[in-house]
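Structural characterization, general
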Amino acid sequence: MTVGIPIRRLWPEPSTEPLDDAALTSLYGRAAQPRLRVNFVSSLDGAVTVDGYSAGLSGAPDKRVFGLLRMLCDALVVAAGTLRHEGYRAVRLNETRRAWRRDHGLAAYPTLVVVSGSLDLDPAQAAFADAPVRPIVLTHADADPPPGLTDVADLLRCGTGRVDLAAGLAELHRRGLTQLLCEGGPHLLGALTAANLVDELCLTVAPLLAGPGAGRITAGDASAPRHLPLRHVLAADDGVLMLRHARP
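Residues numbered from 1 in each chain as written. Predicted model: local features only at pLDDT ≥ 70, side-chain atom pairs only at ≥ 80, totals over all residues. Heavy atoms only, no water.

Another point: helix 2 (residues 60–72). With 13 residues, helix 2 should reach 18 Å at 1.5 Å per residue; the first-to-last C-alpha distance of 19 Å fits that figure. For helix 2, the tally of buried residues reaches ten of 13 residues, placing the bulk of the element in the interior. (Helix = DSSP H or I, 4+ residues; strand = E, 2+ residues; numbered from the N terminus. Expected span 1.5 Å × (residues − 1). Buried < 20%, exposed > 50% of the residue type's maximum accessible area, 1.4 Å probe, protein only.)

Written as structure tokens, this is what we have:
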């Protein structure tokens, strides 16, 4: 069943038929091997926020795919700064999506993984306090947790002085969390790109010129360019484009 504003496939194999959730799920899917998928939304001129928040760029079609990508993943990876700034709540799914996960042998909910070098985190934030699955905080050996954090989350220490992302992802894979979805922020994407850990980028392009001021979807130190071939292009009837780029 198609929900809300129709989404159609432009490439490959263009079709005028709206995509229902089953078709979208098939297009994005789960991989046979470990994979790190990144999901972002930006304006036409590359802004990652409007008035400081990504919500100004995201409409109903983007939110629909956003929810399906969460349904497909084993773990949702997010930087601590994004968790705080965007006011993340507990990662929950509706009954239809929980049923899909059960039917495919998955836990009812994905695990939240928060990447934090400073452990400047509030254990009372709903993302932790109300989580249906105990979150994991990926940090390093020298970081000191605030009181109460270890009551609501498991600390995974990888690296000294800074988070070793490659080692952290390898440990998540060892724990059975092989399909990872990263929702940012820009500095985390920059670090993952520099470490050559990004397997896939799902980018929603909003039909909006945000103007100067906002940052891009990536930030941090310069790194080598990484080629990600285009896999599909979808368009919603409100003018939003959805691009999926992935390694072979």
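In this structure, Y28, L83, V114 and L121 are the most contacted members of the largest nonpolar core, which totals 32 residues. For this core, the elements supplying multiple residues, two or more each, are helix 1 (21–28), helix 2, strand 3 (75–79), helix 3 (80–85), strand 4 (111–115), helix 5 (126–129) and strand 9 (230–236). With five residues, helix 2 is the largest single contributor of residues to this core. In this structure Y28 touches R35, R37, V65, L69, L72, C202, H232, L234, M242 and R244, once residues within four positions along its chain are discounted. With 31 residues, the next largest nonpolar core counts A75, L172, C182 and V198 among its residues. (Core = buried A, V, L, I, M, F, W, Y, C linked by side-chain atoms within 4.5 Å. Contact = heavy atoms within 4.5 Å.)

A separate point is the side chain of D62. Assignment of secondary structure puts D62 in helix 2. K63 provides the closest opposite charge to the buried, salt-bridge-free D62, at an N-O distance of 7.6 Å. Within the structure, D62 has its side chain in polar contact with the side chain of S58 (distance 2.6 Å). Those residues in contact with D62 that lie beyond four places of it in its chain are V41, T204 and M242. (Lys, Arg positive; Asp, Glu negative; His and termini not counted. Salt bridge = Lys/Arg side-chain N within 4 Å of Asp/Glu carboxyl O. Polar contact = N/O pair within 3.5 Å; in protein donor to acceptor, adjacent residues only side chain to side chain.)

This part takes up a nonpolar patch on the surface. On the surface, L10, W11, L230 and L241 cluster together into a nonpolar patch covering about 330 Å² of accessible area. Topologically, W11 is positioned in strand 1 (residues 7–11). Its relative accessible area of 41% is what places W11 among the partly exposed residues. (Patch = residues over 30% accessible without salt bridge, like charges linked within 9 Å, V, L, I, M, F, W, Y side chains within 5 Å. Areas by Shrake-Rupley, 256 points an atom, 1.4 Å probe, with all protein chains shown as cover.)

Here we come to the packing of aromatic side chains. The relative placement of two aromatic rings is captured by the distance of their centres and the angle of their planes. Overall, the coordinates contain zero aromatic pairs when judged by the stated rule. Lying across the ring of Y109, R92 places its NZ or CZ 6.0 Å from the centre. (Phe/Tyr/Trp six-rings, centres within 6.5 Å; stacked < 30°, edge-to-face > 60°. Lys NZ or Arg CZ within 6 Å of the ring centre and 35° of its normal.)

If you walk through the whole model with that rule in mind, you get 15 salt bridges. A salt bridge links D21 to R64; its shortest N-O distance comes to 2.8 Å. In this pair, D21 sits in helix 1 while R64 sits in helix 2, placing the two residues 43 residues apart along the sequence. Taken together, the salt bridges that share partners define one network made up of R35, R37, E200 and R244.

For the rest of this paragraph, the subject is the state of the cysteines. Counted according to the given criterion, the structure contains zero disulfides. With no disulfide partner, C73 has as its closest neighbouring cysteine sulfur the one in C182, 11 Å distant. Residue classification places C73 among the buried residues on the basis of a relative accessible area of 3%. No disulfide involves C202; its sulfur sits 12 Å from that of C182, the nearest cysteine. (Disulfide = S-S within 2.5 Å.)

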